[in-house]
Amino acid sequence: MHEAGSPLVLEELVLDAPGPGEVRVRVEAAGVCHSDVHYLTGGLRSQTPIVLGHEGSGIVEAVGDGVTRVSPGDKVIMLWRPRCGECQYCLKGMPAQCELGKIHGQTNELLRGGTRLSKDGERYYHLMGDSVFAEQAVVSQESVIAIDQSIPFDIAAIVGCAVITGMGAIMNHMPDLAGKSVVIIGAGGVGLSAVMAANLVGAAQIIVSDLVESRLEKALELGATHTINSGTEDFATRVREITDSGPDYVLEAIGRSQTIRSGFESLKPGGTEVVVGLGSVGDDVSIPVNVLVQGDRRLVGSLYGTANSPIQIPEILRLYKSGRLPLDQLLDRQFPLAEANEAIDHLRTGAVGRPILVPNSSINSN
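Small disclaimer: the values here were computed from a predicted structure and weren't measured.

Novice: Can you break down the pairing of strand β5 (residues 75-78) residue by residue, with the values?
Specialist: Of the two faces of β5, the one lined by Lys75 and Ile77 and the one lined by Val76 and Met78 are each fully buried. Pairing analysis gives three bridges linking strand β4 (residues 55-63) to β5, with the strands arranged antiparallel. Bridging across to β5, Ser57 finds its partner in Ile77.

Have a look at this one:
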């Protein structure tokens, strides 16, 4: 991406060798996420030129000095929220807020400084420390986690962002959801992952709202008990009809002020809304004070599902391998790297689950 608002351009760049504490990964699958769209449209800001993509998996091909977490030949998931295990946030149980993540977000460089991408002497930047819309990527060792070789690349890629975000929000913010009700606003990759998690833990009512009928149909396949097409039905009326006094929880996976407020106002007294969707820079949400206070309601944010990724990603993969988590149903179409713009357009116009870029070859069960 050379500037926000312009299409992506396929270019050949120079990729430096991995430095101390860094690894080079051959990228085999890259999920296309709405966060990439936010950067592409300028809703979120970054340095440019920059290689997009933050949801990926691949094979470690080389490591720099001092790398201890992975070895050449390891299959890995790239993490856009690294975890150091030593900062104040990691130590008090908030690893998604690890101070390393701020380095990626504020500088678009790697953790040890600088970038490893260039063309004709001009440096190119890394999105979220990953930049997986590419055949290869050099990343910090803190940004990868080694996984079982039997996990398919496309499954591994989506677990690194969509799945851990949606499932993490359910597991980490709704621990008593069994037998209760939850409304999930947005049935993209994150929202559908939340549906699976809510079904897995035994939620009595899983109500999914979206504008795209095919996504709502997929939500029912994955365990939703009710759906609301917000383009043709009134959200507030339908939620009251289904839940009577309102849901115990709402998960908002879109990041729009209107849907955040609608979800919050639908809660039953004592209910909680968890927002995982990112909005554009400068977006605000207005909450009625009396609804907040008189209803003892709570509104909380959740970055990366508030997940402890080195612990919870392996747990999710074990559920997948055991057959209890049908992650294959989250996969949409595959696109070659040269069709990245088409993949993004497809995501924006009705993809069911995650479109997958395949930078190097057609991916299969391995």
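Once the structure has been displayed, the description carries forward.
Novice: If you had to explain empty space enclosed by the protein to someone new, which residues and values would you point to?
Specialist: Summed over all chains, the structure comprises one cavity of 30 Å³ or more. Here the largest cavity is characterised by a volume of approximately 40 Å³. Around the largest cavity, the lining residues are Leu15, Leu117, His126, Asp130, Ser131, Ala134, Gln136, Ala137 and Val138. In the lining of the largest cavity, the residues fall into five nonpolar, three polar and one charged.

Novice: Talk me through the layout of surface pockets; I want residue IDs and the actual numbers.
Specialist: Its volume calculated, the second largest pocket comes out at about 550 Å³. Along its surface, the second largest pocket is lined by 23 residues, and Leu10, Glu11, Leu13, Phe133 and Ala134 are the ones closest to its centre. Of the residues belonging to the lining of the second largest pocket, the class tally is 17 nonpolar, three polar and three charged.

Novice: Report on the environment of Glu213, specifying residues and quantitative values.
Specialist: Relative to the assigned elements, Glu213 resides in helix α6 (residues 213-221). Along the sequence, Glu213 and Ala236 sit 23 residues apart, while their C-alpha atoms lie 18 Å from each other.

Novice: Describe the sheet that holds strand β6 (residues 117-119), listing the residues and the values that go with them.
Specialist: In space, the four strands of this open sheet follow the order β1-β6-β7-β3, with mixed pairing throughout. The sheet is open, and its two borders are formed by β1 (14-15) and β3 (50-51), each paired with just one other strand. Two elements, β3 and strand β7 (residues 122-126), share two bridges in a ladder whose sense is parallel. Bridge pairing links Ile50 to Tyr125 in β7.

Novice: Quick rundown of the UniProt feature "domain: Enoyl reductase (ER)" (unreviewed entry) in the chain? Include the residues and the values.
Specialist: Taken from the UniProt record, the annotation "domain: Enoyl reductase (ER)" (unreviewed entry) applies to residues 5-357. Secondary structure content for residues 5-357 is 31% helix and 23% strand, and the end C-alpha separation is 21 Å.

Novice: Describe the sheet that holds strand β13 (residues 249-252), with residues and values.
Specialist: Sheet architecture is open: six strands sit in the order β12-β11-β10-β13-β14-β15, paired in parallel fashion. Sheet topology places β12 (226-229) and β15 (298-301) at the edges, where each strand pairs with a single neighbour. Between one strand axis and the next, the sheet turns by 15° as a mean value, whatever way the strands run. When β13 meets strand β14 (residues 272-275), the two strands line up parallel, connected through four bridges. Note on β14: the bridge partner recorded for Val250 is Glu273.

Novice: Explain the pairing of strand β16 (residues 331-336) residue by residue, including any values.
Specialist: Regular strands place their side chains on alternate faces of the sheet. Pairing of β16 with strand β17 (residues 354-358) involves four bridges; the strand directions are parallel. Residue pairing for β17: Pro336 is matched across the bridge by Val358. In the classification by handedness, the crossover that spans β16, the intervening helix α11 (residues 340-348) and the parallel β17 is right-handed.

Novice: Quick rundown of a nonpolar patch on the surface? Include the residues and the values.
Specialist: On the surface, Val289, Leu292 and Val293 cluster together into a nonpolar patch covering about 260 Å² of accessible area. Among the secondary structure elements, Leu292 is positioned in helix α9 (residues 289-294). A relative accessible area of 34% means that Leu292 is categorised as partly exposed.

Novice: Kindly report on the side chain of Ser57, identifying the contributing residues and their values.
Specialist: Locating Ser57 in the fold gives a position in strand β4. At 2.7 Å, the side chain of Ser57 and the backbone oxygen of Phe153 are in polar contact. Among all residues touching Ser57, those that are not within four sequence positions of it are Arg26, Val27, Glu28, Ala29, Val76, Ile77, Met78, Phe153, Ala156 and Ala157.

Novice: Could you give me a rundown of the packing of helix α4 (residues 153-173) against helix α5 (residues 189-201), with the residues and numbers involved?
Specialist: Put simply, α4 and α5 touch, their axes get as near as 7 Å, and they point 45° apart. Taken together, the axes of α4 and α5 are oblique relative to one another. Both α4 and α5 take part in a crossing whose hand is right-handed. Contacts between α4 and α5 involve Ala162, Val163, Thr165, Gly166, Met167 and Ile170 from the former and Gly189, Val190, Ser193, Ala194, Ala197, Ala198 and Leu200 from the latter. Grouping the constituent residues of the contact of α4 with α5 by class yields nine nonpolar, four polar and no charged.

Calculation notes
Here, residues in each chain are numbered from 1, in the same order as that chain's written sequence. In keeping with the model being predicted, local features are shown solely for residues with a pLDDT of at least 70 and side-chain atom pairs are shown and tallied solely at 80 or more, while totals for entire chains, interfaces and linings include all residues. Only hydrogens and water are set aside; all other atoms, that is, all heavy atoms of the structure, feed into the side-chain values. We call a residue buried when its accessible area falls under 20% of the maximum for its residue type, exposed when it is over 50%, and partly exposed in between, using a 1.4 Å probe and counting protein chains only. Numbering of helices and strands runs from the N terminus; a helix is a DSSP stretch of H or I covering at least four residues, while a strand is a stretch of E covering at least two. We call two strands paired when DSSP finds no fewer than two bridges between them. Here a cavity denotes grid points, spaced 1 Å and computed from the protein atoms alone, that fit a 1.4 Å probe unable to get out, and a pocket denotes an open set having protein on both sides within 12 Å along at least 5 of 7 lines; residues with an atom within 4 Å of a point are the lining. Grid points are joined across faces, edges and corners, and a volume is the space filled by probe spheres set on the points. Charged means Asp, Glu, Lys or Arg here, nonpolar means Ala, Val, Leu, Ile, Met, Phe, Trp, Tyr, Cys or Pro, and polar covers whatever is left, Gly included. UniProt positions are given in the numbering used here, feature names are shortened, and annotations may be inferred rather than shown by experiment. Axis definition: a line fitted to C-alpha atoms, over the contacting stretch in the case of helices. Angles run 0 to 180 degrees between N-to-C directions. By convention, orient the strands away from the viewer: a clockwise path from the first strand over the helix to the second makes the crossover right-handed. A patch consists of residues whose relative accessible area exceeds 30% and which take part in no salt bridge; residues with like charges are grouped when within 9 Å of each other, and nonpolar side chains (Val, Leu, Ile, Met, Phe, Trp, Tyr) when within 5 Å. Residue-level accessible areas treat just the shown protein chains as cover; the underlying method is Shrake-Rupley with a 1.4 Å probe. The term salt bridge refers to a pairing of a side-chain nitrogen on Lys or Arg with a carboxyl oxygen on Asp or Glu at a separation within 4 Å. Any N or O atom pair separated by 3.5 Å or less is treated as a polar contact, with the protein-specific requirement of one donor-capable and one acceptor-capable atom, and with residues adjacent in sequence counted only for side-chain atom pairs. Contacts were defined at the residue level, with two residues in contact if any of their heavy atoms lie within 4.5 Å. By definition in this entry, angles of less than 35 degrees are roughly parallel, angles greater than 145 are roughly antiparallel, angles of 65 to 115 are roughly perpendicular, and the rest are oblique. Left-handed describes a crossing in which the near helix is turned anticlockwise from the far one by less than a right angle; the clockwise case is right-handed.

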